[in-house]
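A closer look at the structure
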Amino acid sequence: MLQPSRRSAVPPFEVMSVIAAANARRSAGLSTVSLCAGEPSAGAPAAVRRRAAELAVAGTLGYTEALGTPALREAIAGHYDRWYGLAVEPAEVGVTTGSSGAFLLAFLAAFDVGDRVVLARPGYPAYRNILAALGCDVVEVGCGPATRYQLTAQILEDVVARTGPIAGVVVASPANPTGTMIPADELRALDAWCSANGVRLISDEIYHGITYGEPVSTAWESSRDGVVINSFSKYFGMTGWRLGWMLVPPDLRSAVDALAGNFALSPPALSQLAAVEAFHPASYAEADANVVRYRESRARVLSALPQLGWSRSAPADGAFYVFAELDDVTLAGLDAVPGGHGGDGRAQSPAARWCRRALEEAGVALTPGTDFDRVEGGRWVRLSFSAPPEVVGDAVDRLVAWVGSRRG
Ligand SMILES: Cc1ncc(COP(=O)(O)O)c(C=O)c1O
């Protein structure tokens with residue numbers, strides 16, 4: 001009998017059943033607020049949209065160079081000077097189909113089948129699923145509050161001592177789902193450890209620009225052995241434009257170029273030509289104004305943590321997420337939802353049950369933590385505050401009232 005390949009067996013997400021239920025509520029005319037998606041609501045800067053409209057009418061929009069147009073690569077290189085005071089050559093930049101496209105290229109160019117690659121748990125699930133589909137051996141390491149839910153050079157040292165050599169490490173700062181950042185000195189230590197041990201560092205910097213305290217540093221400030229990955233999706237609010245980029249070390253450059261040409265011919269031409277406008281002062285100002293709104297929403301959510309009963313949460317240093325643990329009182333008396341499941345036939349997690357009840361009784365959709373941590377995420381939820389502040393405020397009010405009524 002014909003069957004799909006074993007490596008294509010990517011586990012489904014528990015949030016899918018929450019999203020389906022939220023959509024069903026909306027169709028039934030019930031008021032519903034979704035804070036599931038990590039998607040900026042403001043959209044692309046005005047200059048990018050204007051340029052795209054012109055190009056859609058006048059442009060021929062053929063294929064471009066496989067790793068992006070020279071003008072966009074130059075603009076991205078200039079962004080490193082502007083933000084980090086770092087000299088980057090346009091030839092070191094590869095434009096990709098979202099950062100998602102960059103992961104595929106980076107993982108394929110850097111790792112072989114069977115290579116061991118370390119990830120922090122909780123973490124963004126696509127790292128694990130893409131690596132596994134490519135035949136890499138994913139080594140997830142549970143990271144807690146002591147290290148801001150992030151990997152450290154010491155953790156890598158211990159992993160190698162306990163379990164043997166590794167080929168790569170993926171880090172994200174700020175991270176999804178926790179929003180936590182790797183301090184600049186620790187990022188330097190990670191970089192140095194990877195270079196000294198012949199381990200490839202992949203640094204996901206997609207949430208750079210969306211931070212609430214410490215400035216961020218890029219992995220390329222200390223070493224250019226690793227791959228830096230970024231995107232137009234979050235800070236510039238351009239998720240649907242499917243445009244990202246990578247800084248590629250010299251030894252991977254020809255492999256990444258050849259793979260990019262074969263997989264996609266080129267990233268979307270319309271998006272690339274318009275995205276050059278993102279690197280002008282007015283566009284940065286718009287993106288920064290969105291960060292001011294995230295900051296407002298973040299403050300609203302953090303001030304409600306005691307009333308929500310979310311006694312433990314990861315420090316939301318950046319991005320637009322609060323990742324919080326539900327305590328025993330909050331989880332008490334939650335029955336499994338009929339037909340509910342853990343996404344792949346596993347028992348529904350306590351957090352998924354809480355999310356379903358929060359949706360049914362408060363009209364607010366959140367993401368269960370199991371989607372980011374399949375081992376210890378069963379009591380955690382992720383709230384995304386990327387929606388407009390008034391929407392986030394409404395959702396928080398509803399949740400506070402609902403949690404209060406359950407506690408009596
Ligand atoms: C940490 C992280 N990396 C990468 C991505 C992928 O984004 P894109 O492919 O739109 O650049 C996401 C999306 O949510 C994310 O949270």
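Residues numbered from 1 in each chain as written. Predicted model: local features only at pLDDT ≥ 70, side-chain atom pairs only at ≥ 80, totals over all residues.

1. A closer look at the site of the ligand
Taken together, 13 residues surround the ligand, and among them Gly98, Ser99, Ser100, Ser231 and Ser233 come closest. Partitioning the shell around the ligand into residue classes produces three nonpolar, nine polar and one charged. (Near = placed C-beta within 6 Å. Nonpolar A, V, L, I, M, F, W, Y, C, P; charged D, E, K, R; others polar.)

2. Comments concerning the domain arrangement of the chain
Segmenting the chain into domains produces domain 1 (6-43 + 284-407) and domain 2 (46-280). Placing the centre of domain 1 and that of domain 2 at their C-alpha centroids yields a distance of 26 Å. Across the contact, 33 residues belong to domain 1 and 30 residues belong to domain 2. Listed by contribution, the elements that provide at least two residues to the side of domain 1 that touches domain 2 are helix H10 (281-303) and strand E10 (321-325). The element best represented in the side of domain 1 that touches domain 2 is H10, accounting for seven residues. Counted by class, the side of domain 1 that touches domain 2 contains 16 nonpolar, seven polar and 10 charged residues. (Domains from an automatic or database assignment. Contact = placed C-beta atoms within 7 Å. Helix = DSSP H or I, 4+ residues; strand = E, 2+ residues; numbered from the N terminus.)

3. Quick look at the pairing of strand E13 (residues 380-384)
Counting buried positions over the five residues of E13 gives five, a clear majority of the element. The alternating pattern of E13 places Trp380, Arg382 and Ser384 and Val381 and Leu383 on opposite faces, both of which are buried. Relative to E13, E10 runs antiparallel, the two being bridged by five bridges. Opposite Ala324, over in E13, you have Val381 as the bridge partner. Examined bridge by bridge, strand E12 (residues 367-368) and E13 share two bridges and lie antiparallel to one another. Bridge pairing links Thr367 to Arg382 in E13. (Buried ≥ 20, exposed ≤ 12 C-beta atoms within 10 Å, placed from the backbone. Pairing = 2+ DSSP bridges.)

4. Considering the pairing of strand E6 (residues 200-204)
Of all five residues in E6, five are buried, a share of seventy percent or more. With burial as the criterion, each face of E6 is covered, one bearing Arg200, Ile202 and Asp204 and the other bearing Leu201 and Ser203. Bridging between strand E5 (residues 168-172) and E6 involves five bridges; their strand directions are parallel. Bridge pairing in E6 links Ala172 to Asp204. Considered for its hand, the β-α-β crossover made up of E5, helix H7 (residues 184-197) and E6 is right-handed. Here E6 pairs with strand E7 (residues 227-231) via three bridges, running parallel. Counted as the bridge partner of Ser203 is Val228 from E7. (Right-handed = clockwise from strand over helix to strand, strands pointing away.)

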